[in-house]
Every structure is written in C-alpha cells, then in structure tokens.
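Inside the fold
Residue strings, one per chain:
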Amino acid sequence: MKEQTDPLLDAIEALTKPIRVKVPQIDDAGQHIKTWTITHDSLLDQFRAAVIPSTNTAAGSSALASTRNMLDSTALYEYSKIASATGDWCRLVGRTATRDAKENLTHWYPAFQAEYPEPDVTKWYLTELRQWANLIREHLDPPRRRSITYPCPVCGKTSWIGADGDGGTWPLELQYRVDDSNEPVIERVICRACEPHTIWPTRDAARELLEELTERHAG
Ligand SMILES: [Zn+2]
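In short, a report on the structure. Predicted model, so just to flag it, every value in this text is computed and none were measured.

As a further point, take the packing of aromatic side chains. In the structure shown here, the tally under the stated rule is nine aromatic pairs. Each ring, one from F47 and one from Y79, has its centre 6.5 Å from the other, and the planes form 65 degrees; the classification is edge-to-face. Highlighted residues: F47 in helix α2 (residues 43-51) and Y79 in helix α5 (residues 73-92), separated in sequence by 32 residues. The pair formed by F47 and Y79 is uniform in burial state, with each residue classed as buried.

Shown next as structure tokens:
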C-alpha cells in the first residue's frame with residue numbers, strides 16, 4: 001500500500017477508485033472458510049451507470065427490459081451537476097473540461113496542486129468532494145431504518161403521522177448502514193413526531209440518546 005497523506009487526493013479517490021469489499025464465506029456450521037475480496041466500480045462509475053443503465057452491459061443481458069430502460073432522474077440530475085461543476089474546476093486550472101466527472105477530477109487534481117492553493121481554498125474543494133461521495137452513497141445504498149420503541153424525549157409522543165398520511169407507533173427512527181464486516185453503523189436518529197423533526201445528526205449524538213433512553217426506561 002502506498003503512503004498517502006493528502007486528504008484531497010483521498011477524497012478524489014473515494015469517488016474515482018474501484019471499491020474493494022471483503023466478504024467472509026461461512027459454511028453451514030458457521031465456520032469461517034475464507035475471505036473473498038469483491039471489487040465494485042468507483043462511486044462515480046456506479047452513479048453514472050445508474051444514470052444510463054444500458055451502459056452496464058454485464059447486467060443488461062439478464063436484467064428485465066423494464067428495469068434496463070428505467071431512467072434514474074435523481075441520479076441524472078445530480079450526476080449532471082457534478083460533471084458540470086468538475087468541468088468548471090478544470091477550466092479554472094486551464095484543463096479541458098469533459099462531461100465525465102471522473103475524467104475531470106483526474107485531470108483537475110495535478111493542475112490544481114501545481115498552483116499551490118491556499119489551505120482555505122483546498123478545504124472548500126474537499127468539502128464539495130466529500131458531499132458528493134455522501135450523496136452518491138446515500139443514493140446507491142439508502143440507510144436502513146428501525147423504530148426505537150421508547151417515547152421521544154423531546155415531544156413525549158409514542159406515535160406519529162407523516163405528511164403523506166403515513167405513520168404509526170414509535171416516532172423515533174434509527175437510521176444505520178451495514179459496514180463491510182456486516183456490522184451496523186449508526187448514522188442518525190430522527191423524531192418523526194416533533195414539529196419540526198428533531199434530528200440527532202451524528203453517531204455520537206444518537207448513541208447518547210439511546211443510552212439516555214435506556215437509562216430512563218430501565219426498571
Ligand atoms: Zn419528538
């Protein structure tokens with residue numbers, strides 16, 4: 001593994017490099033047999049494939065015609081924005097802009113670095129890149145949800161009604177993802193009954209809330 005200390009390059013590679021995922025193979029008795037490494041396309045390639053599903057020829061042959069032709073309008077809109085923004089970045093450093101966001105970023109980075117940018121400027125780009133990565137991850141793999149079976153500590157309610165007339169018991173919703181080793185990673189908690197919705201926006205805030213709730217309702 002090469003040494004790398006530039007967060008900007010890390011943020012670019014998070015978008016442009018293929019993603020390697022380790023998947024353990026377990027036999028019927030629960031014994032670990034071996035670990036496979038599966039390589040996925042980069043986030044930008046996956047996002048682009050969501051925009052134009054027919055370019056994904058490997059899946060195209062077996063996929064239903066209806067899913068193959070389905071246009072993901074959110075991905076199309078967001079991808080176009082990223083492609084156009086990275087095109088602007090290229091023009092600013094004297095590089096040719098393309099419609100391919102990945103290509104733009106690959107061309108932009110060395111030219112941008114060659115200008116010895118101020119830390120504040122670099123930080124701005126870093127924020128943009130990280131937001132794009134989060135947006136794509138969220139789009140490709142929406143968070144999993146689970147209701148927390150305690151009343152909300154803010155509004156005290158035990159049920160909720162949504163704007164679309166949906167709703168149910170327990171307004172506190174825990175949103176989480178599953179990491180590469182199948183462990184849940186908490187992202188946030190939302191109260192769907194509070195007006196406006198109360199959000200515990202980070203893993204730490206969510207953990208603190210869960211601890212508080214468990215303590216309050218214990219015994
Ligand atoms: Zn609430």
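The four strands lie next to each other as β3-β6-β7-β8, forming an open sheet whose pairing is antiparallel. Taken across any chain shown, the strands that pair with only one partner, and hence form the sheet edges, are β3 (144-147) and β8 (198-200). Sheet twist, expressed as the average angle between the axes of neighbouring strands with direction ignored, equals 25 degrees. In this sheet, strand β6 (residues 172-178) lies alongside β3 in antiparallel orientation, the contact comprising four bridges. Bridge pairing in β6 places R145 opposite Q175. Along the sheet face, helix α8 (residues 203-217) touches β6, β7 (184-191) and β8 and points at about 70 degrees away from the line of β7.

Thresholds applied
Residues numbered from 1 in each chain as written. Predicted model: local features only at pLDDT ≥ 70, side-chain atom pairs only at ≥ 80, totals over all residues. Heavy atoms only, no water. Phe/Tyr/Trp six-rings, centres within 6.5 Å; stacked < 30°, edge-to-face > 60°. Helix = DSSP H or I, 4+ residues; strand = E, 2+ residues; numbered from the N terminus. Buried < 20%, exposed > 50% of the residue type's maximum accessible area, 1.4 Å probe, protein only. Pairing = 2+ DSSP bridges. Axes fitted to C-alpha atoms, helices over the stretch in contact; angles between N-to-C directions. Contact = heavy atoms within 4.5 Å.

Purely spatial values, then, with no claim about function.
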